[in-house]
Amino acid sequence: MKEGREEVAPIAIGEVGLDFYWSREFEQEQLEAFERQVQWSVETRLPLMIHCRKAQNELVAILKKYAADLPGGVFHCFTGNEQEARQLLEFPQFVLGIGGVLTFKKSHLPEVLPASVPLHRIVLETDAPYMAPVPMRGKRNESAYIRHVITRLAEAYQVSEEEIGRITSDNVIRVFGVLKR
């Protein structure tokens, strides 16, 4: 360790995952890399931050092989439907990351989440600099904008913003373990 610098231990493995949105040209390579990253999570006991676009079936198939040994993590930027939420929530140590998409006019998340995802399975995320929430949409996203996601999530679940903040913060602490409130 260099003088005056504190050593920082990793708290997660990620962002890792599968993305077949634009192309499946490197599908096999992605599948192999993701499986190895899942193995690292099992070996190191570090949670995963998982990115998935147009590849949920493949992702779930890999995770099921290691389900008993996975330490948990976050399914980053969840935008799916009730069936997809239920499928991901079959991994009890994992939570869904919810961000700016929740606030978009055409988003189905305000209906999907309360119907299929308990609050103790949600964390908040920005995905900065992307996907700024309404009313900041089109701007460079930043952490300060999370308040708009909190407001919309509180409306969807019919609880206070303070309750959303408390529960989602507790969820982060539970998933990542080393963080203190």
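The present account deals with the structure reproduced in this document. (Residues numbered from 1 in each chain as written. Predicted model: local features only at pLDDT ≥ 70, side-chain atom pairs only at ≥ 80, totals over all residues. Heavy atoms only, no water.)

Some remarks on the sheet that holds strand E3 (residues 73-75)
The parallel open sheet is built from five strands, whose spatial order is E1-E2-E3-E4-E5. Edge positions in the sheet fall to strand E1 (13-19) and strand E5 (122-124), since each has one partner strand and no second. With direction set aside, neighbouring strand axes in the sheet form an average angle of 30°. Summarising the sheet, E1 and strand E2 (residues 48-53) pair through six bridges and their orientation is parallel. Note on E2: the bridge partner recorded for Gly17 is His51. Packing of helix H1 (residues 27-44) onto the sheet brings it into contact with E1 and E2, and relative to E1 it is tilted by some 150°. In the packing of helix H6 (residues 161-176) onto the sheet, the strands contacted are E2, E3, strand E4 (94-98) and E5, and the crossing angle to E5 comes to about 100°. (Pairing = 2+ DSSP bridges. Helix = DSSP H or I, 4+ residues; strand = E, 2+ residues; numbered from the N terminus. Axes fitted to C-alpha atoms, helices over the stretch in contact; angles between N-to-C directions. Contact = heavy atoms within 4.5 Å.)

Section: the side chain of Gln56
Relative to the elements of secondary structure, Gln56 occurs in helix H2 (residues 56-66). A residue is classified by how much of its surface remains accessible, and Gln56, at 15% relative accessible area, is buried. Reaching out from Gln56, the side chain makes a polar contact with the side chain of Gln87 at a distance of 2.7 Å. Each residue touching Gln56, except ones within four places of it in the same chain, is listed here: Glu84, Gln87 and Leu88. (Buried < 20%, exposed > 50% of the residue type's maximum accessible area, 1.4 Å probe, protein only. Polar contact = N/O pair within 3.5 Å; in protein donor to acceptor, adjacent residues only side chain to side chain.)

Details of the nonpolar core
If you look at the biggest cluster of nonpolar residues, it comprises 43 residues, and the most contacted ones within it are Phe34, Leu48, Leu63, Phe75, Leu96 and Leu113. At seven residues, helix H5 (residues 146-157) tops the list of elements feeding residues into this core. Residues contacting Phe75, with those up to four places away along its chain left out, are Ile50, Leu59, Leu63, Leu88, Phe91, Phe94, Val95, Leu96 and Gly97. Core analysis: the next-biggest nonpolar cluster, separate from the first, contains six residues, Met49, Val95, Val123 and Val175 among them. (Core = buried A, V, L, I, M, F, W, Y, C linked by side-chain atoms within 4.5 Å.)

Some thoughts on the packing of helix H3 (residues 82-89) against helix H4 (residues 109-116)
Two numbers describe how H3 lies on H4: the axes approach to 9 Å, and their chain directions differ by 40°. Classed by the angle they form, the pair H3 and H4 counts as oblique. Here H3 runs over H4; the crossing is right-handed. Contacts from Glu82, Ala85, Arg86 and Leu89 in H3 reach Val112, Ala115 and Ser116 in H4. Each residue belonging to the contact of H3 with H4 can be placed in one class, and the counts come to four nonpolar, one polar and two charged. (Parallel < 35°, antiparallel > 145°, perpendicular 65-115°, else oblique. Left-handed = near helix turned anticlockwise from the far one by under 90°. Nonpolar A, V, L, I, M, F, W, Y, C, P; charged D, E, K, R; others polar.)

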